[in-house]
Amino acid sequence: MYNFRPCTYEELHKIIKLYGFSCCPWEIILSDYMDGLEIIETTDGTVIALIYYDPERNDNCEMLIMEFEVREDMRRMGHGRQIIRQFLLEHPTSAELLPSGDVAVSFWKSCGFVGDQFGQYYYPED
């Protein structure tokens, strides 16, 4: 099990430097837009990942996952899929995202997301 907790603007900038999070969006998130940004930790408080989502994407209440990143030194250990599985269980709504690159597409497919002809991915598939 992982703990998800809201992230403050100040905490975000400390974490991305301390743990080397490299996705561009972390640097450009403004302090007024922190809703949906969460730190993911192990039960002992070790920071594993960051996730940024909009919980009210549209009239269908679909959630848009805008960014997700596991720490570089914690990748390829199964954390990513386990985190997303838990996240989807705790947020029982449909979700959508737009992955960038083949590695991201493979990851999201392994989490049960299905893509359309426009490159958008959905969970669960309608």
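Refer to the structure printed above.
Here we summarise the structure given alongside this text. Worth saying up front: this structure is predicted, and the values here are computed from it rather than measured. (Residues numbered from 1 in each chain as written. Predicted model: local features only at pLDDT ≥ 70, side-chain atom pairs only at ≥ 80, totals over all residues. Heavy atoms only, no water.)

Observations concerning the environment of tyrosine 52
Moving on, step 1. In this structure, tyrosine 52 sits in strand S3 (residues 47–54).
Moving on, step 2. According to the relative accessible area criterion, tyrosine 52 is buried, its value standing at 11%.
Moving on, step 3. Separated by 47 residues in the primary sequence, tyrosine 52 and proline 99 have C-alpha atoms spaced 13 Å apart. (Helix = DSSP H or I, 4+ residues; strand = E, 2+ residues; numbered from the N terminus. Buried < 20%, exposed > 50% of the residue type's maximum accessible area, 1.4 Å probe, protein only.)

What about the pattern of salt bridges?
Two side chains with opposite charge may pair up if their charged atoms get near one another.
Moving on, step 1. For the coordinates displayed, the defined rule picks out five salt bridges.
Moving on, step 2. A salt bridge links glutamate 41 to arginine 5, with the nearest nitrogen and oxygen atoms 3.0 Å apart. You can see glutamate 41 sitting in strand S2 (residues 37–41) and its partner arginine 5 sitting in strand S1 (residues 3–6), a full 36 residues away along the chain.
Moving on, step 3. One salt bridge connects glutamate 69 with arginine 75, and the closest N-O pair in it is separated by 2.9 Å.
Moving on, step 4. On the basis of relative accessible area, glutamate 69 is assigned to the buried category, the value being 3%.
Moving on, step 5. The network of salt bridges with shared partners includes Arg5, Glu11 and Glu41. (Salt bridge = Lys/Arg side-chain N within 4 Å of Asp/Glu carboxyl O.)

Topic: the sheet that holds strand S6 (residues 114–115)
Moving on, step 1. The strand order across the open sheet formed by seven strands is S1-S2-S3-S4-S5-S7-S6, and the pairing between neighbours is mixed. In this open sheet, the two strands that pair with only one neighbour each are S1 and S6.
Moving on, step 2. Sheet topology places S3 next to strand S4 (residues 63–70); six bridges connect them, and they run antiparallel. Across the sheet, leucine 50 pairs through a bridge with glutamate 69, a residue of S4.
Moving on, step 3. Across the sheet, helix H1 (residues 9–19) is in contact with S1, S2 and S3; its angle to S3 comes to roughly 135°. (Pairing = 2+ DSSP bridges. Contact = heavy atoms within 4.5 Å. Axes fitted to C-alpha atoms, helices over the stretch in contact; angles between N-to-C directions.)

Structural notes on the packing of aromatic side chains
Moving on, step 1. Counting across every chain of the model gives seven aromatic pairs.
Moving on, step 2. A ring pair is formed by tyrosine 53 and phenylalanine 87, whose centres lie 5.0 Å apart and whose planes are at 75°; its orientation type is edge-to-face. Taken together, the residues span a long stretch of sequence, with tyrosine 53 in strand S3 and phenylalanine 87 in helix H3 (residues 79–90) at a distance of 34 residues.
Moving on, step 3. Judged by its relative accessible area of 6%, tyrosine 53 falls in the buried class.
Moving on, step 4. Given the relative accessible area of 0%, phenylalanine 87 is considered buried.
Moving on, step 5. Ring centres of phenylalanine 68 and phenylalanine 107 lie 5.9 Å apart, and the angle between their planes is 15°; this geometry places the pair in the stacked category. Here the residue phenylalanine 68 occupies a position in strand S4, and phenylalanine 107 occupies one in helix H4 (residues 102–110), the gap between them amounting to 39 residues. (Phe/Tyr/Trp six-rings, centres within 6.5 Å; stacked < 30°, edge-to-face > 60°.)

Focus: the pairing of S2
Moving on, step 1. Where burial is concerned, most of S2 is hidden: five out of the five residues are buried.
Moving on, step 2. Neither face of S2 is exposed, since Leu37, Ile39 and Glu41 on one face and Glu38 and Ile40 on the opposite face are all buried.
Moving on, step 3. Examined bridge by bridge, S1 and S2 share four bridges and lie antiparallel to one another. Paired with proline 6 across the two strands is glutamate 38, which belongs to S2.
Moving on, step 4. Here five bridges tie S2 to S3, and the two strands are oriented antiparallel to one another. Within S3, the position partnered with isoleucine 39 by the bridge is leucine 50.
Moving on, step 5. Joining the antiparallel neighbours S2 and S3 is a turn of five residues, in which glycine 45 adopts a positive phi near 90°.

Just distances and angles here, no functional claims.
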